[in-house]
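Breakdown of the fold
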Amino acid sequence: MAIRKIITIGDETLRKVSKEVEVINKRTITLLDDMIQTLREAQGAGLAAPQVGVLKRIFVADCGQGLVEFINPVITEMSGEQDGPEGCLSVPDRPNDTVKRPMYVTVEAIDRNGKPFTMKASGLMARCICHETDHLDGILYIDKMNKPEVKK
Ligand code: ZN
C-alpha cells in the first residue's frame, strides 16, 4: 500500500469525466487500498479516484460508520434536503462552505469482489456520496455552493 498524492484545484484532471471500471484486476485492488490509506492519512470523509489522478469511477468513504468502497456508483434515488458545511481534500485552504444536498440517497455500486450492492444513506453519508459521485463527473462542491437566489 502507498499513500498517493492528492491533486488539487487547478489540475484539469479534476474536471474530467471518469470512465466506468470494466474489469476489477490487481491494479484496481491496489488503487482501492492506496485510496483507503490516503484517505486515512488525510483524515478525510471521502476520496474519489480522480483526486489521485486516476479517471475511474471509484470512491471510498468513511463518515464514522466504517469504510465503504464504491465501484461504478450510480445514485438511483434522492429525496429531502439538507444545508451543511462541506469541504474537499482537493480544495485546500478554504473554510467549509454551505452546500445544499439531498437528505436521503440510494446508491447502487459494486464492491471489490465484483458483487453489486445497494445502499440507502442519510445525512452526512448522503452528502458524502453526492460529493464523491460529483467528482466522477468532474464536478467540485464549489460549483454548488449556496448562492443568493437571483430573481428574474
Ligand atoms: Zn472532494
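Provided above is the structure to which this section pertains.
Attention in this report is confined to the structure presented alongside it. (Residues numbered from 1 in each chain as written. Predicted model: local features only at pLDDT ≥ 70, side-chain atom pairs only at ≥ 80, totals over all residues. Heavy atoms only, no water.)

1. Things to note about the coordination of the zinc ion
What counts, and what does not: Ligating atoms shown are N, O and S within 2.8 Å of the metal, or 3.2 Å for Na, K and Ca, and water is not included, meaning a site may look less than complete. Only DSSP runs of H or I with at least four residues qualify as helices, and only runs of E with at least two residues qualify as strands; both kinds are numbered from the N terminus onward. Summary of the burial criterion: residues with accessible area below 20% of their type's maximum are buried, those above 50% are exposed, and those between are partly exposed, where the area comes from a 1.4 Å probe applied to protein chains only.
Taken together, the protein ligands of the zinc ion are Cys88 (SG), His131 (NE2) and His135 (NE2), with distances of 2.0 to 2.2 Å. Taken in chain order, the donor set of the zinc ion reads C-x42-H-x3-H. Highlighted residues: cysteine 88 in the loop between strand S4 (82–86) and strand S5 (97–101) and histidine 131 in helix H2 (residues 123–136), separated in sequence by 43 residues. Grouping residues by exposure puts cysteine 88 and histidine 131 together as buried.

2. Some words on the sheet that holds strand S3 (residues 68–79)
Our working definition: Two strands pair under a simple rule: DSSP has to find at least two bridges between them. Note on geometry: axes are C-alpha line fits, over the in-contact stretch for helices, and angles between N-to-C directions span 0 to 180 degrees. Should any heavy atoms of two residues lie within 4.5 Å, those residues are considered in contact.
The five strands lie next to each other as S1-S2-S3-S6-S7, forming an open sheet whose pairing is antiparallel. At either end of the open sheet lies a strand with only one pairing partner, and these are strand S1 (46–48) and strand S7 (116–122). Within the sheet, the average angular offset between the axes of one strand and its neighbour, ignoring direction, is 35°. Against the sheet, H2 contacts S1, strand S2 (58–61), S3, strand S6 (104–110) and S7, and its axis sits at roughly 125° relative to S7.

3. Comments concerning the pattern of salt bridges
Filter applied, for reference: Counted as salt bridges are all cases of a side-chain nitrogen of Lys or Arg within 4 Å of a carboxyl oxygen of Asp or Glu.
This model, assessed by the stated rule, comprises 14 salt bridges. Taken together, the shared-partner salt bridges connect Glu86, Arg101, Arg127, Asp134 and Lys144 into one network.

4. Here we look at the side chain of serine 18
Positionally, serine 18 belongs in the segment before helix H1 (26–42). When its relative accessible area of 5% is taken as the criterion, serine 18 is described as buried. Beyond its immediate stretch of four places on either side in the chain, serine 18 contacts Pro50, Val54, Leu55, Lys56, Arg57 and Leu136.

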